[in-house]
Each structure stands twice: as C-alpha cells, then as structure tokens.
Amino acid sequence: MLKIHFICIANYCRSPAAEKIFNHLSPNHMISSSSGIYPFNQPRMDERTSKFLNHIGIVENYHVPSEFDEKKFNESDLIILFDIKILLHLQKKFKNINSKAKIYNAINQNLNIRDPYKIKKESDYFIEMEKIHTIVKEWIKHLK
C-alpha cells in the first residue's frame, strides 16, 4: 500500500481537500492522509471546502485538523506539500524530509494554488479547490 500525505499550513482548506479527493479517486493500492504544521483549532475543515467536495460528489467530509509529526513522517511514502514555506519549516524538524517530500506542483509547474483561506468570494475559492482537484488527479496518474 502506497501512503501519501498532504500538508498545508493549517490542515483546514487545501490538504483535507486533497486527502478526500485522493482517497475518492485513487486505486486500492494507494491511500492518503493530511495534516498541517499549525493545525486549525476547529474540529472540521473549512465549510467552503466541504461544499466544494459535495459539489464534485464527495460527501464523506468528516475531518479534524492535526499536526504533522514524527509518526506521520515515518508512515508516509510520499509527502506532498502545498507551500515552499512548509518545506523550509519541516527541514528544521526532520533531517530526511527531502527524501520523501515534493511540492504539490512538481509534476505540473504551470499550476499554482493559492492558500484559499482568506479568499472572500466563494467562486474564487472554488477555483483554487478545482486546481487541487486537478493536481490530485495528476498525482494519481503519475503514481499509478
């Protein structure tokens, strides 16, 4: 079983979306999880993320933000990061992070995803979520 782990800042918008999309679309030999470096203090994902996931047919949206730790590092085969700042932060904590970590757009450098947390307009938020949907599909295709 190939274990993929998605990390964003708060494990509230991008990484839970990527986790849910990946697990919904991936073959049985791959599974994903997610966390953040500073997890959000609410026991859920952003409501707009949940709404987007429902829109694309993913209705199981239960999520509790969690922090990336040594156990998650050791259990992961590939770690996909949604921000270069996350890599810089994790390099201080995990000396071997570069052996497992990739920036999300390493397979499509033309696709840039903003942190949607502060986006006010729902349609703009959904644009960023659709980019996550696209990049996750590309990672699945790449990993098959």
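The structure this text deals with has already been given above.
For clarity, every value in this text was computed on a predicted model and none was experimentally measured. (Residues numbered from 1 in each chain as written. Predicted model: local features only at pLDDT ≥ 70, side-chain atom pairs only at ≥ 80, totals over all residues. Heavy atoms only, no water.)

Caption draft 1: Expanded view of the environment of Asp115. Looking at the secondary structure, you find Asp115 in the loop between β4 (101-103) and α5 (122-143). You can call Asp115 partly exposed: its relative accessible area is 38%. Sequence separation between Asp115 and Tyr12 is 103 residues, and the spatial gap between their C-alpha atoms is 10 Å. When neighbours within four sequence positions are excluded, Asp115 is seen to be in contact with Ile9 and Arg14. (Helix = DSSP H or I, 4+ residues; strand = E, 2+ residues; numbered from the N terminus. Buried < 20%, exposed > 50% of the residue type's maximum accessible area, 1.4 Å probe, protein only. Contact = heavy atoms within 4.5 Å.)

Caption draft 2: Looking closely at the environment of Ile113. Among the secondary structure elements, Ile113 is positioned in the loop between β4 and α5. Given a relative accessible area of 8%, Ile113 falls into the buried group. Through-space distance from the C-alpha of Ile113 to that of Glu130 is 9.5 Å; in sequence the pair is 17 residues apart. In this structure, Ile113 is in contact with Arg14, Phe82, Tyr104, Glu128, Lys131, Ile132 and Ile135, ignoring residues within four places of it in sequence.

Caption draft 3: Representation of helix α1 (residues 14-25). Compared with an ideal rise of 1.5 Å per residue, which puts 12 residues at 16 Å, α1 spans 16 Å between its outermost C-alpha atoms and is within 8% of the ideal. With respect to burial, α1 is a largely interior element, 9 of its 12 residues being buried. Those residues of α1 that sit buried are Arg14, Ser15, Pro16, Ala17, Ala18, Glu19, Lys20, Ile21 and Phe22. For α1, the elements touching its buried residues are β1 (2-8), β2 (30-36), α2 (47-55) and α5. (Expected span 1.5 Å × (residues − 1).)

Caption draft 4: View of the nonpolar core. Phe6, Phe82, Ile132 and Val136 are the most contacted members of the largest nonpolar core, which totals 30 residues. Broken down by secondary-structure element, the contributors of at least two residues to this core are β1, α1, α2, β3 (78-81) and α5. Grouped together as the second largest cluster of nonpolar side chains are 12 residues, Ile37, Phe68, Phe94 and Ile97 included. (Core = buried A, V, L, I, M, F, W, Y, C linked by side-chain atoms within 4.5 Å.)

Caption draft 5: Fine view of the side chain of His5. For His5, the position within the fold is in strand β1. The class of His5 is buried, set by a relative accessible area of 2%. Separated by 2.6 Å, the side chains of His5 and Ser35 make a polar contact. Once residues within four sequence positions are removed from consideration, His5 is found in contact with Ser33, Ser34, Ser35, Phe68, Lys72, Ser76, Leu78, Ile79 and Ile80. (Polar contact = N/O pair within 3.5 Å; in protein donor to acceptor, adjacent residues only side chain to side chain.)

Caption draft 6: Highlighting the packing of α1 against α2. Running from amino to carboxyl end, α1 crosses α2 at an angle of 20 degrees, the nearest separation of the two axes being 10 Å. In terms of axis orientation, α1 runs roughly parallel to α2. For the pair α1 and α2, the crossing hand works out as right-handed. Here Ala17, Lys20 and Ile21 of α1 lie close against α2, whose contacting residues are Thr49, Phe52 and Leu53. When its residues are assigned to classes, the contact of α1 with α2 shows 4 nonpolar, 1 polar and 1 charged. (Axes fitted to C-alpha atoms, helices over the stretch in contact; angles between N-to-C directions. Parallel < 35°, antiparallel > 145°, perpendicular 65-115°, else oblique. Left-handed = near helix turned anticlockwise from the far one by under 90°. Nonpolar A, V, L, I, M, F, W, Y, C, P; charged D, E, K, R; others polar.)

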